[in-house]
Amino acid sequence: MTANQCAIQPVTPFPKILDSIRDDPEQQQQQQLTRVLSIQSAIRHAWAGYQRTILDPYHHSLSPSSFLGTFLPADDLEPLTRTGKRWLHSAATLFDSLDTLYLAGLYEEFEEAVNLVLSLPLPLHPTKTFEYSIRVLGGLLGGYSVSGDERLLEYAEFVTESLLDGAFRSSPTVLPRMFDVLAPVYGKRVDVQRKRFVRWVDWGGAWMHRMYAALYRYGRDWMRQHEMNSLAGVGSFALEFSYMSYLTGDGRYKKASDDIFEWLQLQMAKSRSMGRGNRDGDGMNDGNVQGLIAKEWNVTTGRPFVGSMVGLGSGSDSYYEYLIKGAILLQPLVEEVDVKKLESYVKVMEESFFTFEDSAASGLSRRLEEKRVDASSGHEKLPGAIAITTYPVQYGYEYDHLLCYVPGMMLLGENFYRERIQYHGTSNRVIAELGMNLTQGCRNTYAQTMTHLGPERMELRKGKKTVITNGGYYLRPEYVESLFVLYRSTRDEKYRDMAWEVFESLEKYCKYDLGYTSRRNVNSLTRQNRINKMPSYFVAETLKYLLLIFAPVDYVGLDEFVFTTEAHPLRQLHTMVNRSDSPCERQTSVVHQPVANIFVLSFYSLVITLCYLVTKRLRPISQKNQHKKRQ
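All of the points below concern the structure found in this document.

About the cut-offs
Residues numbered from 1 in each chain as written. Predicted model: local features only at pLDDT ≥ 70, side-chain atom pairs only at ≥ 80, totals over all residues. Heavy atoms only, no water. Disulfide = S-S within 2.5 Å. Helix = DSSP H or I, 4+ residues; strand = E, 2+ residues; numbered from the N terminus. Polar contact = N/O pair within 3.5 Å; in protein donor to acceptor, adjacent residues only side chain to side chain. 1 Å grid on protein atoms, 1.4 Å probe; cavity = no way out; pocket = protein on both sides within 12 Å on 5 of 7 lines; lining within 4 Å. Points joined across faces, edges and corners; volume = space filled by probe spheres on them. Nonpolar A, V, L, I, M, F, W, Y, C, P; charged D, E, K, R; others polar. Phe/Tyr/Trp six-rings, centres within 6.5 Å; stacked < 30°, edge-to-face > 60°. Axes fitted to C-alpha atoms, helices over the stretch in contact; angles between N-to-C directions. Left-handed = near helix turned anticlockwise from the far one by under 90°. Contact = heavy atoms within 4.5 Å. Pairing = 2+ DSSP bridges. Salt bridge = Lys/Arg side-chain N within 4 Å of Asp/Glu carboxyl O. Core = buried A, V, L, I, M, F, W, Y, C linked by side-chain atoms within 4.5 Å. Buried < 20%, exposed > 50% of the residue type's maximum accessible area, 1.4 Å probe, protein only.

1. With respect to the state of the cysteines
Okay, step 1: Counted under the stated rule, the structure contains one disulfide.
Okay, step 2: Cys404 shares a disulfide with Cys442; S-S distance 2.1 Å. Torsion about the S-S bond of the Cys404 and Cys442 cystine: about -110°, corresponding to left-handed handedness. Residue Cys404 is located in the loop between β11 (398-400) and α16 (406-416), and its partner Cys442 is located in helix α17 (residues 428-447); the two are separated by 38 residues in the primary sequence.

2. Let's talk about the environment of Arg135
Okay, step 1: Mapped onto the secondary structure, Arg135 falls in helix α7 (residues 129-147).
Okay, step 2: Sequence spacing of Arg135 and Ser536 is 401 residues, and the spatial spacing of their C-alpha atoms is 8.6 Å.
Okay, step 3: At 2.7 Å, the side chain of Arg135 forms a polar contact with the side chain of Ser536.

3. Comments concerning the layout of surface pockets
Okay, step 1: Quantified by volume, the largest pocket comes out at close to 760 Å³.
Okay, step 2: Every residue lining the largest pocket is counted, 37 residues in all, and those nearest its centre are Phe130, Glu131, Arg135, Leu402 and Arg476.
Okay, step 3: Mapped by element, the contributors of at least two residues to the lining of the largest pocket are α7, β5 (228-230), α10 (231-235), α13 (317-330), α18 (478-490) and α20 (536-550).
Okay, step 4: Element by element, the count of residues in the lining of the largest pocket is highest for α7, at five residues.
Okay, step 5: Grouping the amino acids of the lining of the largest pocket by side-chain chemistry returns eleven nonpolar, nine polar and 17 charged.

4. What about the packing of aromatic side chains?
Okay, step 1: Applying the stated rule across the entire model yields 16 aromatic pairs.
Okay, step 2: Grouped by ring-pair contacts, the aromatic residues Tyr102, Tyr107 and Phe110 constitute a single cluster.

5. Observations concerning the packing of helix α2 (residues 30-59) against helix α6 (residues 107-119)
Okay, step 1: At their nearest, the axes of α2 and α6 sit 12 Å apart, and the two run at 35° to each other. In the packing of α2 onto α6, the handedness of the crossing is left-handed. On α6, the residues that touch Arg44, Trp47, Gln51, Leu55 and His59 of α2 are Glu109, Glu112, Ala113 and Leu116.
Okay, step 2: Residues of the contact of α2 with α6, tallied by class, amount to four nonpolar, two polar and three charged.

6. Some details on the sheet that holds β11
Okay, step 1: Ordered in space as β10-β11-β12-β13, the four strands form an open sheet in which the pairing is antiparallel. Two strands close off the open sheet at either side, each with one partner strand: β10 (393-394) and β13 (467-470).
Okay, step 2: Of the strand pairs in this sheet, β11 and strand β12 (residues 457-459) are connected by three bridges, and their pairing is antiparallel. Within the sheet, the bridge partner assigned to Glu398 lies in β12 and is Glu459.

7. Some points on the pattern of salt bridges
Okay, step 1: Counting across every chain of the model gives 30 salt bridges.
Okay, step 2: It is possible to trace a salt-bridge network through shared partners that takes in Arg177, Asp180, Arg217, Arg220 and Asp221.

8. Some details on the sheet that holds β5
Strand pairing in a sheet is mediated by backbone hydrogen bonds. Such pairs are either parallel or antiparallel.
Okay, step 1: Taken in spatial order, the three strands of this open sheet run β5-β6-β7, and their pairing is antiparallel. Where the open sheet ends on each side, the last strands, each with one partner, are β5 and β7 (303-304).
Okay, step 2: Two elements, β5 and strand β6 (residues 296-298), share three bridges in a ladder whose sense is antiparallel. Across the sheet, the residue bridging to Met228 is Asn298, located in β6.

9. Describing the nonpolar core
Okay, step 1: One finds Leu94, Leu140, Leu312 and Tyr320 to be the most contacted residues of the largest nonpolar core, which totals 155 residues.
Okay, step 2: If one sorts the elements of this core by residue count, α2 sits on top with ten residues.
Okay, step 3: Contacts of Leu140, omitting those with residues within four sequence positions, involve Phe95, Leu98, Val117, Leu152, Tyr155, Ala156 and Val159.
Okay, step 4: By size, the runner-up hydrophobic cluster in this structure holds eight residues, among which are Leu124, Ala206, Met208 and Phe603.

As structure tokens, this is what we get:
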């Protein structure tokens, strides 16, 4: 791939959702149009709460923090107190909501959000690398994929370069650091037609920002902070980074994510080989693809934490998602490493649901072997139920709401790679039925509560009563995500009805004057039961999936898009392949990476101070020379 050519053509803007509904003969029913308009109104309400509470005060504020760029807009809305919560220090909801606003037909809000995004500098506060990638970088790429706005792609390049230069480059291994201060990358060119990343007038500010980031990294390493990271934290960059490589022609991004996968595979093979008594680690390069991977990793040594658990839930979920989704996104430009990822995904599913060998969890410690992933999830017979209900669980009994993404992931694999995916001789029909049964299990956790919202965590033990260990509902998207995939795969209207039940409960128990709130207890109807929190993923994922369930099946179709772990839709490469040798004709605007004013002012203050000191030093010499001339 040469500098003036690329494999991928620029995208074109997506059609309007309401026009698509009216043009679709299957969508003529007034009920479906009414439901789409209701969800569109919910998206507008959630966004308006964040905009009025967080963005408008920031945009029009004359406070020093806004002017100097020391604080970006808050990440999440706190509706009850009309405040914002900072945890990523990067305006997470702003970036996360870009593609949702566009797909919902809120084009004015989308344009205002894009203009604000392009004006924001990188955060000064240490930010979590994985979360920044899936929310900020993913939000920019999702917005670009549906709108075709090249400014978002340009800004996404800035962000990716900063991630590579910071969290990746500062790590002694290929595994990125958990936290990092991201700094502008100046003077680099992605291809010959692109401008410098930073305006020359801001070069000094960028230099000061990089010095600040270097000081943070020195202190972090000296104090040995943030050496541990989760599997999701080190291994969930494949979709965003691979997409960036094909859009820009720069293979460094995909290589960084591929190197992580290869390293994890190598280390797990070595750990399991040693766990079987081979202390020299012979056989670790036998070419066998590894399935389940340890949840915790030391990024400074590149090794798994001894005693680390394995599982598909929190701390690991997005890594396993990206194994199959990466293979779908990149077709037909799949490379050898992507084939390995697909093989690894198959092995993960086999070890989690269809095989029972101890080798699936061996190699790390005895404790890990005793608490390995359960085969086909927990089983519990509900009162009045006719048949056994299947739930997605870990460790034999622990149901976690986050695990409800698994059925959708299984159906995606079955839809796209039916010929190549065979789980231990199991038929595809059994795989599809298992995914549907797991979804029904998730639905039952909703149906059993007073609010018809699903609890965060439960214990399902054979012969014992179901115990809710965490009754909170945090506006999570995993259940509706699987409903979206199942409806698009089967066209069965029951999944739409199940999704509408969720939406009605959200409107009844979570809607507030400003945005939406979480719930402390799904079996309590009191007002005091509200939690002062609207996470960014609520707009990015939950409401978006609900919208798309009732949209036409070809509106952001699964045969054209792949959704990241944060539900940002990326166009599959087969829809964008440049089938000629002609260069990609991008109508790019000059987009400059903003630099925080505090660093620009600091640099110019330093320059002025140096000039003053030099002038003060030279003045006596000049006066002395003039005195000599007079003599």
